[in-house]
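Residue-level listing of the chains:
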Amino acid sequence: MKKLLTIHNAKFMVITGLGLYFAYIYVSGTWAYYIDPRFQWLSVVAVLIFGFLAVSYFGSAEHEHDHHDHDHDHEHSHDHGHDHEHNHNSVWPVLVVAIPLAIGVLMPAKPLGANAIDARGIDTDFSSVSLSNSSSKSLTIVPSERNVLDWARAFATSTNPAEFNDQEASVIGFVYRDGRFDDGHFMVARFTITCCVADALAIGVVVKSPEDAAVLATDSWVKVQGHFQETEFDGNLIPILYAEKVTPVEQPDQPYLYQ
């Protein structure tokens, strides 16, 4: 009986914890690290579901307590039923459900960055950029107001990189570099998502820095202002952003760009 109530209490605490965690994600705005803003309502739904389940388990625990008190004198005459009930109240499901809660609490929420690019890869020729109805909209945006995704779409739809020569740009992203980049180059990168981080795609614009780019810390957020020029990089002729000014900035509230 005592073990049964302990398991019920553990389920109640874990489910309540999950509900509170989703509530925290919604209130703090860190839901933006996981899903597209169109689906932020899922956080509210999760809070309501886990809240309902927590109340259900709390009521179930009270019912079990009353039931066992009432049948205490007959407990030993129903060994088979007791074993069956015990099997349905194993501690293992509690531990499994507790894993995502523990990960969420122990690992602070943060957006994908350079480490994720190292694992997933990133193209410098924009061949991985997916084109959709939003692509044509990106082309209508004034060049100086385009973000990294808008420029990536424009480059992906073009067969002539030289058409972007001397076009001015002002983009915000985090610093990324790998073995392809020397001390004078880096990539101003962003992640795009369609639904959630499971479908995240890393995109970026190659930047030629007016100074030694090596002093810029990887993952630091910067605003790069300059103009594009067709240049060979990594075996391809691509538009490279020749920076006239690189300014450190704070990470945006919504670090991802949305397809």
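Along each chain, residues carry numbers from 1 onward, in the same order as the chain's sequence is written. In view of the model being predicted, local features appear only for residues whose pLDDT reaches at least 70, and side-chain atom pairs are presented and counted only at 80 or more, with totals across whole chains, interfaces and linings using the full set of residues. Computation of side-chain values: all heavy atoms of the structure, hydrogens and water removed.

### Brief notes about the packing of aromatic side chains
When two rings of Phe, Tyr or Trp (its six-membered ring) have centres within 6.5 Å they constitute a pair, described as stacked for plane angles under 30 degrees, edge-to-face for angles over 60, and tilted for the intermediate range. For the coordinates displayed, the defined rule picks out 10 aromatic pairs. Between the aromatic rings of Phe155 and Phe164, the centroid separation amounts to 4.7 Å while the plane-to-plane angle is 85 degrees, which identifies the pairing as edge-to-face. For every residue, the accessible area (1.4 Å probe, protein chains only) is compared with the maximum for its type, and the residue is labelled buried under 20%, exposed over 50%, or partly exposed between those bounds. Exposure remark for Phe155: the relative accessible area of 7% places this residue in the buried category. Taking the centre distance of 5.1 Å and the plane angle of 80 degrees together, the rings of Phe155 and Phe228 count as edge-to-face. Linking Phe155 in helix α7 (residues 148–156) with Phe228 in strand β4 (residues 221–233), this pair joins segments that are 73 residues apart in sequence. Exposure class is identical for Phe155 and Phe228. Each is buried. Through successive ring pairs, a cluster of aromatic residues spans Phe126, Trp151, Phe155, Phe164 and Phe228. Helix and strand assignments come from DSSP, with helices taken as H or I runs of at least 4 residues and strands as E runs of at least 2, each series counted from the N terminus.

### What to know about unusual backbone geometry
In this model, Asp219 sits at a positive phi of 80 degrees, which is unusual for a non-glycine residue. Topologically, Asp219 is positioned in the loop between β3 (201–208) and β4. The partly exposed category is assigned to Asp219, whose relative accessible area is 35%. One non-glycine residue, Asp234, adopts positive backbone phi at about 55 degrees.

### Quick word on the pairing of β3
Within β3, six of the eight residues are buried, which leaves the element mostly enclosed by the surrounding structure. When DSSP finds at least two bridges between two strands, those strands are taken to pair. In the sheet, strand β2 (residues 185–193) pairs with β3 via eight bridges, with the strands oriented antiparallel. What sits directly across from Met187, in β3, is Val206.

### Remarks on the pattern of salt bridges
Whenever a carboxyl oxygen of Asp or Glu lies within 4 Å of a side-chain nitrogen of Lys or Arg, that contact is scored as a salt bridge. In the structure shown here, the tally under the stated rule is two salt bridges. One salt bridge connects Asp178 with Arg180, and the closest N-O pair in it is separated by 2.8 Å. Accessibility expressed as a relative area gives 24% for Asp178, which makes it partly exposed. Here Arg180 falls in the partly exposed class, since its relative accessible area comes to 28%. The shortest N-O distance in the salt bridge between Arg180 and Asp234 comes to 3.7 Å. With Arg180 in the loop between β1 (168–176) and β2 and Asp234 in the loop between β4 and β5 (236–248), this residue pair connects regions lying 54 residues apart in the sequence.

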